Amino acid sequence: MAPSDIILHWYPLSPFAQKVAWVLNFKNIDYKVVQISPIEPRPLRRPLDGGYRKTPILQIGNHVYCDTKCIIDELEKRYPEPSIYPKTKTGESSESLGKGLAVWLETLLFGSVSRQFDVSLLPEKFRNDRNEFLRQKFGGGSPFMKLDLLAQLAMAEKLLGDKTYLLDTPTLSMVDLSLAKSMFFLSNVAGPDFVEQQAPRLAAHMQRVFAEAKMTRTETMPKLKAEQAIELAQQQYQPLNTQEAPATSVLSELKIGQEVMVTPLDTGRVPSIGILRSLTDNTVVIEHKTDKVTSFIHFPSFGFIVTPPPKPSL
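The paragraphs below set out a description of the structure included in this document. (Residues numbered from 1 in each chain as written. Predicted model: local features only at pLDDT ≥ 70, side-chain atom pairs only at ≥ 80, totals over all residues. Heavy atoms only, no water.)

**Remarks on the overall build of the chain**
Here is the rule: Segments assigned H or I by DSSP are reported as helices when at least four residues long, segments assigned E as strands when at least two residues long, and all are numbered from the N terminus. Note on classification: 1.4 Å probe, protein chains only; a residue is buried when its accessible area is under 20% of the maximum for its type, exposed when over 50%, partly exposed between these limits. Residues count as neighbours in contact if any of their non-hydrogen atoms are within 4.5 Å of one another. Residue exposure ignores everything except the shown protein chains as possible cover, and the areas themselves are Shrake-Rupley values with a 1.4 Å probe.
Counting secondary structure elements, the chain contains 11 helices and 10 strands. Evaluated residue by residue, the chain yields a buried proportion of 51% over its 314 residues. Of all intrachain contacts in the chain linking residues separated by at least 6 positions in sequence, the fraction that spans at least 24 positions is 68%. Element-wise, carbon and sulfur atoms account for 57% of the exposed surface of the chain, whose accessible area totals about 15300 Å².

**So, the packing of helix H4 (residues 95–114) against helix H7 (residues 146–160)**
Where we set the bar: To get an axis, fit a line to the C-alpha atoms, keeping to the stretch in contact for a helix; angles then go from 0 to 180 degrees between the N-to-C directions. Left-handed describes a crossing whose near helix is turned anticlockwise from the far helix by less than a right angle; the clockwise case is right-handed. Three classes are used, and their members are as follows: Ala, Val, Leu, Ile, Met, Phe, Trp, Tyr, Cys and Pro are nonpolar, Asp, Glu, Lys and Arg are charged, and the others, Gly among them, are polar.
Closest axis-to-axis distance for the H4/H7 pair is 9 Å, and the angle between their directions is 145°. Here the hand of the crossing between H4 and H7 comes out left-handed. Where H4 abuts H7, its residues Leu101, Trp104, Leu108, Leu109, Ser112 and Val113 lie against Asp148, Leu149, Gln152, Leu153, Met155, Ala156 and Leu159. In terms of residue class, the contact of H4 with H7 is made up of 10 nonpolar, 2 polar and 1 charged.

**Overview of the pairing of strand E9 (residues 294–300)**
Using the following cut-off: Strand pairing is assigned whenever DSSP identifies at least 2 bridges connecting the two strands.
Of all the 7 residues making up E9, 7 are buried; the element is thus mostly covered by neighbouring parts of the structure. Burial along E9 is two-sided: the face carrying Thr294, Phe296, His298 and Pro300 and the face carrying Ser295, Ile297 and Phe299 are both buried. As judged from the 3 bridges shared by strand E4 (residues 63–66) and E9, these two strands associate in the parallel manner. The residue bridging Tyr65 from the neighbouring strand is His298, located in E9. Hairpin connection from strand E8 (residues 283–289) to E9: 4 residues lie between these consecutive antiparallel strands.

**Here's the deal with the pattern of salt bridges**
To keep things clear, this is the line we draw: Counted as salt bridges are all cases of a side-chain nitrogen of Lys or Arg within 4 Å of a carboxyl oxygen of Asp or Glu.
If you walk through the whole model with that rule in mind, you get 19 salt bridges. Lys32 serves as the salt-bridge partner of Asp5, at 2.5 Å between the closest nitrogen and oxygen. Placement of Asp5 in the segment before strand E1 (6–10) and of Lys32 in strand E2 (residues 32–35) is noted, with a sequence separation of 27 residues between them. Overall, the relative accessible area of 22% leaves Lys32 in the partly exposed class. Of the charged contacts, one joins Asp49 and Arg45 as a salt bridge, the two residues approaching to 2.7 Å between their closest N and O atoms. The same class applies to Asp49 as to Arg45, namely buried.

**Focus on H4**
How we decide: Axes are fitted to the seven residues ending at a residue and to the seven starting at it; the angle between these axes is taken as the bend at that residue.
Along its length, H4 reaches its greatest deviation from straightness, about 25°, at Leu101. Within the sequence span of H4, burial applies to Gly98, Leu101, Ala102, Trp104, Leu105, Glu106, Leu109, Phe110, Gly111, Ser112, Val113 and Ser114.

**Thoughts on the state of the cysteines**
Heads up, the rule is: Cysteine sulfurs are considered disulfide-paired once they come within 2.5 Å of each other.
One pass over the full model with this rule turns up 0 disulfides. In this structure Cys66 is a free cysteine whose sulfur lies 7.3 Å from that of Cys70, the closest cysteine sulfur available.

Function cannot be inferred from these measures alone, as they are strictly geometric.
Right, dumping it as structure tokens:
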């Protein structure tokens, strides 16, 4: 069977989508791009994602990967070289250390960066679409939000020190991408001069990552319309490989074959709905069927909750 197309569904201003694009480019993977609207509705994505509203998603045939953790792990499995989990100086994989450190970078640091943005400057449609997220995460650009940010930037500067890469690995690792992503967003929010002045080491690190990630390469990738992505999912159907994703449940309350909802625990808490096909301590896979396509939607177990759908009211 011919290999399936790899398709990134994104919009360029999304820092999380940029991070996935950087991984694709760093690994020299050929892929196609579907540019989506930054706000809902996205009706042509629903047959693929089952309701998941966050950006990006990565489509490989009729398999859809949600959340950057899940996407990056799948790319690392399929394309192990060059690895984003290079060995440390002690000869050990940097995966566990990197994933642990990324929790801080992706939550506290990125959240602090986000709170620097004055939400009143956003278009009304965007504010309405992100209303819950903005209320929870953003501080409206208040100057009093800068203390936390500066403290975290100082911590990251000290952690990086004079090293080329955060974990002192010979090549960049996942945490370098996470750190650069936050600095990329901060540059857009507060301006590149702010990053240069407040965190010169992080600014230089960001530029090194940009060079390794070949940022402009994404612009050269073939462009697809959303309708074409659905057609490719139909044409490149592949069943779930149960050897790679064992169809066993780690929760006695859930059974393979039942309808479930998979919902993020942080923001964008809109569930994806489908038939549970695999549930392990690493991944969740549901099958989502529409009259257009059948997709297998993959999520990380970390940061998501899987529940039965609510019972209809009488």
